[in-house]
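The residues making up each chain are set out below.
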Amino acid sequence: MTTAVTRVSVRHTGAPSIKLQFHPRATMPERLEARASQLGITTEQLIHRFISDGMREHRDDFSPAALGTSIEDFLVQNGVLKAA
């Protein structure tokens, strides 16, 4: 089964972004929109959840989470955010 993604581009200027382009006849965009609507979230939030969940298996370090002095420090210490 193919996903009919015809192009993926990554932009690193400003806020990093990834753009997916689907074949004009692909049903995935409508399927994503329908599922997001069922969950009461945006399509972008659903895609973010899928990516985050898929990447969870590819962590390099399976040690317990490091404590931080603030929520931002916690996210930096655990690789979610880059250090400022």
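Counting restarts for each chain: residues are numbered from 1 in the order of the written sequence. Selection of residues for local features in this predicted model requires a pLDDT of at least 70, selection of side-chain atom pairs for listing and counting requires 80 or more, and totals for whole chains, interfaces and linings are taken over all residues. Side-chain measures here rest on the full set of heavy atoms in the structure, leaving out hydrogens and waters.

Undergrad: Got a minute to help me understand the overall build of the chain in this structure?
TA: Strands here mean DSSP runs of E at least two residues long; helices mean DSSP runs of H or I at least four residues long; both are numbered from the N terminus. In terms of regular secondary structure, the chain is built from 3 helices and 2 strands. Secondary structure of the chain in N-to-C order comes out as β-β-α-α-α. Each of the 84 residues in the chain was classed as buried or not, and the buried ones make up 6%. Contacts in the chain between residues far apart in sequence, at least 24 positions, make up 2% of those at least 6 positions apart. For the chain, the exposed area adds up to about 7,400 Å²; of that, 57% sits on carbon and sulfur atoms. To sort residues, take the accessible area from a 1.4 Å probe on protein chains only and compare it with the maximum for the residue type: under 20% means buried, over 50% means exposed, and anything in between is partly exposed. The contact rule is simple, with two residues in contact once any of their heavy atoms fall within 4.5 Å. Here, Shrake-Rupley sampling with a 1.4 Å probe gives the accessible areas, and only protein chains in the shown set may cover a residue.

Undergrad: What's the story with the confidence of the model for the chain in this structure? I'm lost.
TA: Detailed reading of the predicted coordinates is not advisable wherever pLDDT is low. The pLDDT value tells you how sure the predictor is about a given residue, anywhere from 0 up to 100. Across the chain, the average pLDDT comes to 83, with 88% of residues at 70 or higher. The spread of mean pLDDT over the elements of the chain runs between strand E1 (residues 5–11), the lowest at 71, and helix H1 (residues 28–39), the highest at 95.

Undergrad: What am I meant to see in H1 here?
TA: Since the α-helix packs 3.6 residues into each turn, any two residues three or four apart lie on the same face. Residue count minus one, scaled by 1.5 Å, sets the expected span of a helix. With 12 residues, H1 should cover 16 Å at 1.5 Å per step; its first-to-last C-alpha distance of 16 Å lies within 8% of that length. Looking one or two residues past H1, Gly40 carries a phi angle of roughly 75°, positive in sign.

Undergrad: Please clarify how a nonpolar patch on the surface should be interpreted in this entry.
TA: Judged by side-chain polarity, Val8, Val10, Ile18 and Leu20 come together as a nonpolar surface patch covering roughly 370 Å² of accessible area. Of all the secondary-structure elements, those providing two or more residues to the nonpolar patch are E1 and strand E2 (17–22). Inspection of the secondary structure assignment puts Val8 in strand E1. Only residues whose relative accessible area exceeds 30% and that form no salt bridge are eligible for patches; like-charged ones are grouped when within 9 Å, while nonpolar side chains (Val, Leu, Ile, Met, Phe, Trp, Tyr) are grouped when within 5 Å. The salt bridge definition used is simple: a Lys or Arg side-chain nitrogen within 4 Å of an Asp or Glu carboxyl oxygen.

Undergrad: Help me out: how do you make sense of the packing of H1 against helix H2 (residues 43–56) in this one?
TA: Relative placement of two packed helices is described by the angle separating their axes and the distance separating the axes. All axes here are fitted lines through C-alpha atoms, helices being fitted over the stretch that makes contact, and every angle between N-to-C directions spans 0 to 180 degrees. Two numbers describe how H1 lies on H2: the axes approach to 8 Å, and their chain directions differ by 95°. Classified by the angle between their axes, H1 and H2 sit roughly perpendicular to one another. Between H1 and H2, the residues in contact are Leu32, Glu33, Arg35, Ala36 and Leu39 and Thr43, Leu46, Ile47, Arg49 and Phe50, respectively. Polar here means any residue outside two lists: the nonpolar Ala, Val, Leu, Ile, Met, Phe, Trp, Tyr, Cys and Pro, and the charged Asp, Glu, Lys and Arg; Gly therefore counts as polar. In the contact of H1 with H2, the residues fall into 6 nonpolar, 1 polar and 3 charged. Angle categories: roughly parallel below 35 degrees, roughly antiparallel above 145, roughly perpendicular from 65 to 115, and oblique for all the rest.

Undergrad: Would you mind showing me how to read the environment of Ala36 here?
TA: Structurally, Ala36 is set in helix H1. Judged by relative accessible area, which is 1%, Ala36 ranks as buried. Spatially, the C-alpha atom of Ala36 lies 8.9 Å from that of Ile47, the residues being 11 residues apart in sequence. The contact partners of Ala36, leaving out residues within four places of it in the chain, are Ile41, Thr42, Thr43 and Leu46.

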